[in-house]
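# Results of the structural survey
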Amino acid sequence: MILNTLSLVNYKNFESQVFDFDAKINCFVGVNGVGKTNALDAIYHLAFGKSYFNPIALQNIKHDTEFFVVDGNFEKHKRTEKIIVSLKRGQKKIIKRNGKAYEKFSEHIGFIPLVIISPADRDLIIEGSDTRRKFIDSVISQSDKTYLASLIAYNKVLSQRNALLKYFALNNTFNGDTLTIYNEQLNTFGNDIFKKRDEFLKIFIPIFKERYQAICQSKETIDLKYKSDLFNGELIHLLESNLNKDKALQYTSVGSHKDDLVFLIDKFPIKKFGSQGQQKSFLIALKLAQFDFIKQQSGVSPILLLDDIFDKLDENRVAQIISLVDDENFGQIFISDTHADRTENIVKQIHQSYKLFKL
């Protein structure tokens, strides 16, 4: 997968900008605030139809303008694919592939395989379980459309069940038949999600451990543990046994939407017991394992975005990480950094073609 050109109109701080990229390595360099991360986020936008850093779509439109357009020309399986994402104030976002708009954005997920490594990934460690579930879901969804469909359906039914529980409480009423229908649907979709998450992690965890050792070459042991209510039984039985609790809380307290991924270093939570360097290496290993998994499933090398890769890592470790991607397994790489000389010196060591964009 290669992005040949990127055109931006009114996207974040860019008024109008066109980039022609190298097939291997591309570096955005410049002082903080010039738009290095925004350029990477535009590429992410083309792959996922949304920003990695700002979930509020309208805030990606440049101040005092009415719309944005992100336009990319990709090469996949020796074919040119043109992807355009556009948004106008007061209207719905549009994603087009080769001139044809998608009816459902979910149809586009996975078409442009992409992995981003960013300082913002630290949210995976410090934030709640929702962030880690989204990580699992984003990896699986890029190569499994049925999983994505189950996930969308589950969340829709979950929202309906929660609305019903609130209705019961507000109106001091109860209808077991309607609730049973929602329970059965959640059970069907939830069990599918649980099985696929479990199967995914059995493949993913060994890849992750191997990546961590390659980055750190250290003695500490790291691990990922999957936590799910569904290890305790069928979801339909869990929903039935927690009914009184759910009625009191007015929301669904058990299910796949409560799953979590526990990050461990030497059998302790990395959030409390890992140094900043260990946490950063853990997250990079996690994302490189994501790269490996997606490539294994799709047969296509994802585009790799390295945002502010020097954050909390010394140059030797960065050089080691960059050298890891210096083989035929990796395709196109985009890097952002504040120091042009530092970036260029490390990139030169790889002996691959590259372009430097000074913003």
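Residues numbered from 1 in each chain as written. Predicted model: local features only at pLDDT ≥ 70, side-chain atom pairs only at ≥ 80, totals over all residues. Heavy atoms only, no water.

Let us now look at the environment of histidine 351. Tracing the chain through its elements places histidine 351 in the loop between helix 11 (340–348) and strand 14 (354–358). Residues histidine 351 and alanine 214, 137 residues apart in the sequence, show an inter-C-alpha distance of 20 Å. (Helix = DSSP H or I, 4+ residues; strand = E, 2+ residues; numbered from the N terminus.)

Our focus in this paragraph is unusual backbone geometry. Despite not being glycine, aspartate 64 shows a phi value in the positive range, around 65 degrees. Relative to the helices and strands, aspartate 64 resides in the loop between helix 1 (36–48) and strand 4 (67–76). On the basis of relative accessible area, aspartate 64 is assigned to the exposed category, the value being 81%. The backbone phi angle of asparagine 98 is positive, close to 50 degrees, even though this residue is not glycine. Counting through the fold element by element, asparagine 98 comes out in the loop between strand 6 (94–97) and strand 7 (100–101). (Buried < 20%, exposed > 50% of the residue type's maximum accessible area, 1.4 Å probe, protein only.)

So, on to the sheet that holds strand 10 (residues 260–265). Judged by pairing direction, the sheet is antiparallel, and its three strands sit side by side in the order 9-10-11 without closing on themselves. Both outer strands of the open sheet, strand 9 (222–227) and strand 11 (268–269), are each paired with one neighbouring strand and no more. Judged from the six bridges that link them, strand 9 and strand 10 form a sheet pairing that is antiparallel. Residue pairing for strand 10: leucine 224 is matched across the bridge by phenylalanine 263. (Pairing = 2+ DSSP bridges.)

This paragraph deals with the side chain of aspartate 144. Summarising the element assignment, aspartate 144 is placed in the loop between helix 3 (129–141) and helix 4 (145–171). Of the polar contacts made by the side chain of aspartate 144, one reaches the side chain of threonine 146; its length is 2.6 Å. One polar contact links aspartate 144 to lysine 196, side chain to side chain, over a distance of 3.0 Å. (Polar contact = N/O pair within 3.5 Å; in protein donor to acceptor, adjacent residues only side chain to side chain.)

With that out of the way, let us pick up the packing of aromatic side chains. Applying the stated criterion across every chain, the model contains 24 aromatic pairs. Ring geometry for phenylalanine 194 and phenylalanine 231: centres 5.0 Å apart, planes at 85 degrees, overall edge-to-face. Here phenylalanine 194, found in helix 5 (residues 176–216), pairs with phenylalanine 231, found in the loop between strand 9 and helix 6 (235–241); they are 37 residues apart in sequence, far enough to count as distant. On the basis of relative accessible area, phenylalanine 231 is assigned to the partly exposed category, the value being 46%. An aromatic cluster is defined as three or more aromatic residues linked by ring pairs; in this entry it consists of Phe14, Phe19, Phe21, Phe28, Phe334 and Phe357. Its end group placed over the ring of phenylalanine 174, lysine 247 keeps NZ or CZ at 4.3 Å from the ring centre. (Phe/Tyr/Trp six-rings, centres within 6.5 Å; stacked < 30°, edge-to-face > 60°. Lys NZ or Arg CZ within 6 Å of the ring centre and 35° of its normal.)

The α-helix winds at 3.6 residues per turn, so residues separated by three or four positions along the chain end up facing the same way. Taking 1.5 Å per residue, 23 residues should reach 33 Å; helix 9 (residues 276–298) reaches 33 Å between its end C-alpha atoms and fits that length. Looking at the residues trailing helix 9, positive phi occurs at glycine 299, about 75 degrees. (Expected span 1.5 Å × (residues − 1).)

Pairing of side chains with opposite charge becomes possible as their charged atoms draw close. Per the stated rule, a full pass over the model turns up 16 salt bridges. Between lysine 134 and aspartate 130 there is a salt bridge, and its shortest N-O distance comes to 3.4 Å. Pair noted here: lysine 134 and aspartate 130 are both in helix 3, with a separation of four residues, about one helical turn. Classification of lysine 134 by relative accessible area gives exposed; the value is 54%. Given a relative accessible area of 37%, aspartate 130 falls into the partly exposed group. For aspartate 259, the salt bridge is made with arginine 197, and the minimal N-O distance between the two is 2.8 Å. On the criterion of sequence distance, the pair formed by aspartate 259 in the loop between helix 7 (243–249) and strand 10 and arginine 197 in helix 5 is long-range, its members being 62 residues apart. We note that aspartate 259, like arginine 197, is buried. Connected through shared salt-bridge partners, Asp130, Arg133 and Lys134 make up one network. (Salt bridge = Lys/Arg side-chain N within 4 Å of Asp/Glu carboxyl O.)

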